Structure formats: C-alpha cells, structure tokens
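# A look at the structure
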Amino acid sequence: MKNIVIITISALGLTACGSNPGAKTTILDATIKPPQTKASQSENKVEKNSQLEMELPSTFVATNADYQTEPLAPNSLMIGYLIDGYKPTDNQLKEMTHVVISFLRAIDYSGEITMTSGWENIDEIVASAHANNVKVIISFGGGEFKVTSELMAVKANRSNLIKNIITFIKEHNLDGFDCDWEPSWIDDKAEMEAINNVITNHYITFIKEFRNALDTEFGKGNKTFSAAILNGNSIWYSSKKQIAHFPQNGWWNYLDWVSLMNYDNDLGSKHATFESVFGLEGSVVYWTNFGIPKAKVVTGVPYYARAGWGPAEWLSYKEVININPSIPETVDFIKYKKNNLDEKEYGFNGTVTVTKKVAEGKRLNLPGIMFWQLAGDLPVDHEKSLLKAMSKEFKK
C-alpha cells in the first residue's frame, strides 16, 4: 500500500537567497510558486487551502544490483559550467569534453519549468559545442533555488517535472542531465531545516524515477545523468547543531558521475584548498567512505575568489589577475578593497593549484574534474588561463 500523508497548505511563496559567484544577482524564477489554473491566471490569484498528497520519506536503499551505469574511463571528463548565456569560444571548447548549461528550474510546484535569464541562445551554444565534439548537459537547480516538498514529495508534481525535463532535453538536443539540488540557507532555521529535509526524504526517489524516465525515452547509456553535491555533507544550523542531509541510501548507483563542489568551504585562502579536496579529512575521502565509488567521483575547481558570504564578497579569477597581473603563480590569495568594503583576503585557485588538482585526480584514477564557471577565466590563450593549465595536465 502506498504511504501518503495529506497536508493542507495555504500558499507557497519563498524568497531566493544565497550567493552564486558569477551569476546575475537578480533571478526572477528562484522561488517555486503555487501553480496557477486558467481561472486563477485570469484573476491573478492562487487558490488557497488546496490539499496535496505528500509521500512519506523513502525507506528504499539502492545497491548496484538495482542499477549499474557504464564504467567511466579514468581522466576522461573535463567539464565546464556555463551561466547567463555565455558562449564558449572554439578554442575553449577544444579544451573541454562537456559543458553544463545552468540552470533549468521549476517555476511552480506542479513541475512546470523555465531557464534562468540569458539562455535565448541555448540552441546556438549546443550546435557550437557539438561542432567541436563537446557534449552539452542541462543543470537543474542551483545554489539560490529551493526545492520543496510540494514539488518533490507529491507524485503527480514530481512526475510532471521529470516529464518536462525529458521533453526539454529532446527539444534542445542535449546529451545529459545534471541534478544540482542543493541545501538552502535562509534566516528562518526551522523553515530551512524543513526545506533541506526534502533532500533527506525524497532525493533518492527523484534520482531513481528520473533515471528510469531517461532510459525509457532515450535508451540506457545514451544520455548521461550526473549530480552536483557539496564539498561535505554537514549543514550548520547553529554552533551546536549540524545535519547531514544527503542520505546514505545508494542514490549514486543511478548516476554516471557525482561532481563535488569543492569550493566555498571557508573564507579567504581557505576557500578551496588542495587539502580540503584530497587531504585525509578532505572531500574525496569523505564521500568515498560515504559510499560513492571512487570511479564516479569528479572533483571541482572554482574560477572565482571568495572573501566572505555577502553577495559582493567575491571576485572572478580574471578580475584577480587584472587587479594584480604579476601575482606569483604559487600565491592563491590577494588583499583587496572591493566597492565600499574593508580590505579583505580573497582566496582563489591559481594555475599551480589547479594543475596539482588535475594531477592528483589522475593519480587516483578519478574520471575527471569540473569547474564553476567558464566566464570567470581569462582567454584560453592567456598564460595564466586556468582552463589552459588544467587542459595541459589533463592531456598529458
């Protein structure tokens, strides 16, 4: 018998929060809203007190007996994320294997979808990438986006979301799907915990159902399915309370790879260190001990510098080099006064560090590396281009 719980809601209207370096600060569709019927559209109001059938938290635990993906060759992925309609040059595309277009989002909890701003040129970018033998993936979610139980715990809404994403992939000739369903940070900690518990309770259900739909539509192995997750798994609600929201129930079995967002771990020079990724207590050790096979772990590199958690407390990597063109390649921070802020330490990854990270991933036989996001880099023919440095080591 299907387990459901019926709840009554009034209205859903959450405001977006969080900082996504390099993205535009105004994203109109970062909040899931209630769906509007034709009547409510004409009257410009949402029906209140509607009843939704909420599924109970999943108790399913997946193993590789439930699903197996095709093995990835070591050092076979060089993945660059794109935002705001950024079109890579041919020279940049020649240094990558995949680009990830960010973001696709739900506009209401019925599962209707839209792109974030700037992607009117999506088909042009897909054609350009394919002409350079580069795969194109669509990413869903992102750091400012809240995924609620009204979307993911309601079978009809979740199914509609999956159907719409599959249709989007077909319409735009895309090669795969990346699930960037992240925990949210908001001031109301009780609400924040309720939103983030949706990951704990329903993540594996979405992952499993999406994989089934993807294979049914395109055939097993013809489209990739990946996910992006945090450097670690602990979300702090206070100095005494932290929760690990990603469940240890085998969801990774349905994914071709899992990208670790190995940045924003701390401030300044501690923002994205080598040790935070590859150290004895680093991200790779944590997630492989958690259960994700090393053969599916893709590490991540930032193309930006971090000084604080405020919306202005970051710089793109190319801004860092423009500020200090002669900065030594072994130095991964600058002191800088941005706008009207006090002087702060902006930590980043320079060419030496990103080269070291690619080399370590190769040594560990990981499938590859990704970076956020390409527009933050210098031109690829610049001597201090991060993509140039990473690609050189990747191709050795």
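Starting from 1, residues in each chain are numbered consecutively following that chain's sequence as written. Given that this is a predicted model, residues contribute local features only at a pLDDT of at least 70 and side-chain atom pairs are listed and counted only at 80 or more, while totals for whole chains, interfaces and linings are drawn from all residues. To get the side-chain values, take all heavy atoms of the structure and skip hydrogens and water.

### Focus on the nonpolar core
Threshold: Each nonpolar core is a collection of buried residues, namely Ala, Val, Leu, Ile, Met, Phe, Trp, Tyr and Cys, held together in the definition by side-chain atoms within 4.5 Å. Summary of the burial criterion: residues with accessible area below 20% of their type's maximum are buried, those above 50% are exposed, and those between are partly exposed, where the area comes from a 1.4 Å probe applied to protein chains only. In this text, helices come from DSSP runs of H or I with a minimum length of four residues, and strands from runs of E with a minimum of two, each type numbered from the N-terminal end.
Formed by 93 residues in total, the largest nonpolar core has its most connected members in I101, F177, Y203, F206, F210 and W251. The element contributing the most residues to this core is helix α6 (residues 189-218), with nine residues. If you look at the next biggest cluster of nonpolar residues, it comprises 24 residues, including I79, Y81, V100 and M261.

### Some points on the pattern of salt bridges
Under the convention used in this document: Just to be clear on terms, a salt bridge is a Lys or Arg side-chain nitrogen sitting within 4 Å of an Asp or Glu carboxyl oxygen.
Considering all chains together, one arrives at 15 salt bridges under this definition. K87 serves as the salt-bridge partner of E124, at 2.8 Å between the closest nitrogen and oxygen. Taken as a pair, E124 in helix α3 (residues 122-131) and K87 in the loop between β3 (77-83) and α2 (90-93) lie far apart in primary sequence, 37 residues in all. When its relative accessible area of 44% is taken as the criterion, E124 is described as partly exposed. Two residues, D264 and R306, come together in a salt bridge whose shortest N-O distance is 3.1 Å. Linking D264 in the loop between β11 (257-261) and α7 (274-278) with R306 in strand β13 (residues 304-306), this pair joins segments that are 42 residues apart in sequence.

### Comments concerning the packing of helix α10 (residues 351-363) against helix α11 (residues 386-394)
In plain terms, the rule: Every angle, taken between N-to-C directions, lies between 0 and 180 degrees, and every axis is a line fitted to C-alpha atoms, over only the stretch in contact when it is a helix. By definition in this entry, angles of less than 35 degrees are roughly parallel, angles greater than 145 are roughly antiparallel, angles of 65 to 115 are roughly perpendicular, and the rest are oblique. Crossings are assigned a handedness: left-handed for a near helix turned anticlockwise from the far helix by less than a right angle, right-handed for a clockwise turn. The contact criterion used throughout is that any non-hydrogen atoms of two residues lie within 4.5 Å. Ten residue types, Ala, Val, Leu, Ile, Met, Phe, Trp, Tyr, Cys and Pro, are classed as nonpolar, four, Asp, Glu, Lys and Arg, as charged, and the remainder, Gly among them, as polar.
Contact pair α10 / α11: the axes reach a minimum separation of 9 Å and the direction vectors enclose 30 degrees. Between α10 and α11, the interaxial angle falls into the category roughly parallel. When the axes of α10 and α11 are compared, the crossing they make is right-handed. Of α11, the residues touching α10 (which contributes T351, V354, T355, V358, A359 and K362) are L386, A389, M390, E393 and F394. Its residues placed into classes, the contact of α10 with α11 shows seven nonpolar, two polar and two charged.

### Some remarks on the pairing of strand β7 (residues 176-180)
To keep things clear, this is the line we draw: Think of it this way: DSSP has to see at least two bridges between two strands before they count as a pair.
Counting buried residues in β7 gives five out of five residues, a clear majority hidden from the surface. Neither face of β7 is exposed, since G176, D178 and D180 on one face and F177 and C179 on the opposite face are all buried. As defined by bridge partners, strand β6 (residues 135-141) adjoins β7 across five bridges and the pair is classed as parallel. In the sheet register, I137 faces β7, and the bridge partner there is G176. Here β7 runs beside strand β8 (residues 224-230); their pairing, made up of four bridges, is parallel.

By themselves, these are just geometric observations and shouldn't be taken as functional.
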